[in-house]
Amino acid sequence: MSEAGVPRESAATMLDVQALIDKKDEIEAQIKAYYDVLEDQKGVGMDAPLIDREGYPRADVDIYQVRTARHNIVCLQNDHKAIMKEIEEALHNLHAREKEKRNKDDAEAQAEACLQNLPESFAKIDAVTPGSPANLSGLQVGDEIVAFGSVNASNFQTLQNIASVVQHSEGKPLSITVVRDNKSVNISLTPQRWSGKGLLGCNIIPLKR
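Residues numbered from 1 in each chain as written. Predicted model: local features only at pLDDT ≥ 70, side-chain atom pairs only at ≥ 80, totals over all residues. Heavy atoms only, no water.

Draft legend 1. The arrangement of the overall build of the protein chain in detail. Summing up its helical and strand segments, the protein chain has four helices and six strands in all. Reading the protein chain from its N end, one meets helices and strands in the order α-α-β-α-β-β-α-β-β-β. Taking 2.2 N^0.38 as the reference for a compact globule, 209 residues should give roughly 17 Å; the C-alpha atoms of the protein chain span a radius of gyration of 39 Å, well beyond that estimate. Partitioning the intrachain contacts of the protein chain with sequence separation of at least 6 by distance along the chain shows that 61% fall at a separation of at least 24. The protein chain carries 24 positive and 31 negative side-chain charges, and their two centres are separated by 9 Å. (Helix = DSSP H or I, 4+ residues; strand = E, 2+ residues; numbered from the N terminus. Rg over C-alpha atoms; globule rule 2.2 N^0.38 Å. Contact = heavy atoms within 4.5 Å. Lys, Arg positive; Asp, Glu negative; His and termini not counted. Charge placed at Lys NZ, Arg CZ, Asp CG, Glu CD.)

Draft legend 2. Region of interest: helix H1 (residues 14-40). In this model, H1 (27 residues) spans 39 Å end to end at C-alpha, consistent with the 39 Å of a helix rising 1.5 Å per residue. Within H1, the full set of buried residues consists of Asp16, Val17, Leu20, Lys24, Ile27, Ile31 and Leu38. Following H1 by one or two positions, lysine 42 has its phi on the positive side, about 60 degrees. (Expected span 1.5 Å × (residues − 1). Buried < 20%, exposed > 50% of the residue type's maximum accessible area, 1.4 Å probe, protein only.)

Draft legend 3. Local environment of the nonpolar core. In terms of nonpolar packing, the biggest core is built from 21 residues, with Phe122, Leu139, Ile145, Phe148, Ile162 and Ile204 touching the most fellow members. The set of elements that each furnish at least two residues to this core consists of strand S1 (123-128), strand S2 (144-148), helix H4 (159-167), strand S4 (174-180) and strand S5 (183-189). Grouped together as the second largest cluster of nonpolar side chains are nine residues, Leu20, Ile31, Ile83 and Ala90 included. (Core = buried A, V, L, I, M, F, W, Y, C linked by side-chain atoms within 4.5 Å.)

Draft legend 4. Unusual backbone geometry, seen in detail. For aspartate 181, which is not a glycine, the phi torsion comes out positive at approximately 55 degrees. Residue aspartate 181 is classed as exposed on the basis of its relative accessible area, which comes to 69%. A positive phi angle is found at asparagine 182, which is not glycine, with a value near 65 degrees. Secondary-structure assignment places asparagine 182 in the loop between S4 and S5. Using a relative accessible area of 47% as the deciding quantity, one classes asparagine 182 as partly exposed.

Draft legend 5. Expanded view of the side chain of threonine 177. Considering the arrangement of structural elements, one finds threonine 177 in strand S4. Beyond its immediate sequence surroundings of up to four residues, threonine 177 is in contact with Glu144, Ile145, Val146, Ala147, Ser184, Val185 and Asn186.

Draft legend 6. Looking closely at the pairing of S2. The element S2 is extensively covered by neighbouring structure, given that four of its five residues are classed as buried. Examined bridge by bridge, S1 and S2 share two bridges and lie antiparallel to one another. Residue pairing in the sheet places alanine 123 in a bridge with isoleucine 145 of S2. Looking at chain direction, S2 and S4 are connected through four bridges and run antiparallel. Across the sheet, the residue bridging to glutamate 144 is valine 179, located in S4. Sheet topology note: the S2/strand S3 (residues 151-152) ladder contains two bridges and is antiparallel. Bridge pairing links phenylalanine 148 to valine 151 in S3. (Pairing = 2+ DSSP bridges.)

Draft legend 7. Region of interest: the environment of serine 154. Turning to its location among the elements, serine 154 is positioned in the loop between S3 and H4. The exposed category is assigned to serine 154, whose relative accessible area is 69%. Sequence separation between serine 154 and glutamate 120 is 34 residues, and the spatial gap between their C-alpha atoms is 8.9 Å.

Draft legend 8. Region of interest: the pairing of S1. Here S1 pairs with strand S6 (residues 202-206) via five bridges, running antiparallel. Among the inter-strand pairings, lysine 124 is bridged to a residue of S6, identified as isoleucine 205.

Draft legend 9. Structural context of H4. Taken together, the buried positions of H4 are occupied by Ile162, Val165 and Val166. All buried residues of H4 lie within an arc of 100 degrees about the axis, which places them on one face of the element. Of the surrounding elements, those touching the buried residues of H4 are S2, S3, S4 and S6. (Arc of directions from axis to C-beta.)

Laid out in structure tokens, this is it:
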């Protein structure tokens, strides 16, 4: 716990910072009060000697009061230094958390904007066979198809639309756009004969809207 009763680890709100500042002001007021005591004692300050030229205690000042004031000033100055460090740390933590929150809010807003701007998907990759043309092109299970050659959400009716495009594109690269992890990904897939069934080696299912 700090002297102001605020845990350093949680000093991350304006109320915490204000509590530390109030404590700092209190310490500064106490230091001033003790300096006023020294001023009243012939203005001895922190360094003036308390013995006369002959080595005897000065009779014109209250030596006990001066020594007490000087001791308390030294202690309070150390406390003041410590609490100023706490205030600095508290402000740093406060600003760091505010910056982190702003960055998080900005990232969420950007992600939401990206989602809103993504084109509509109409089908989904349900399975991909290892070593197949689909697998070698980079298609993955879970990819949502936005465009498959000339087929898109506006003209897609049944899976026969995709099958027709595949049959007419054997040996030719097809441009496919999918949504993966909330991002649009472009893939080049060439339908062709391979050791497995069909020309793609993947299973596509229509999305229910």
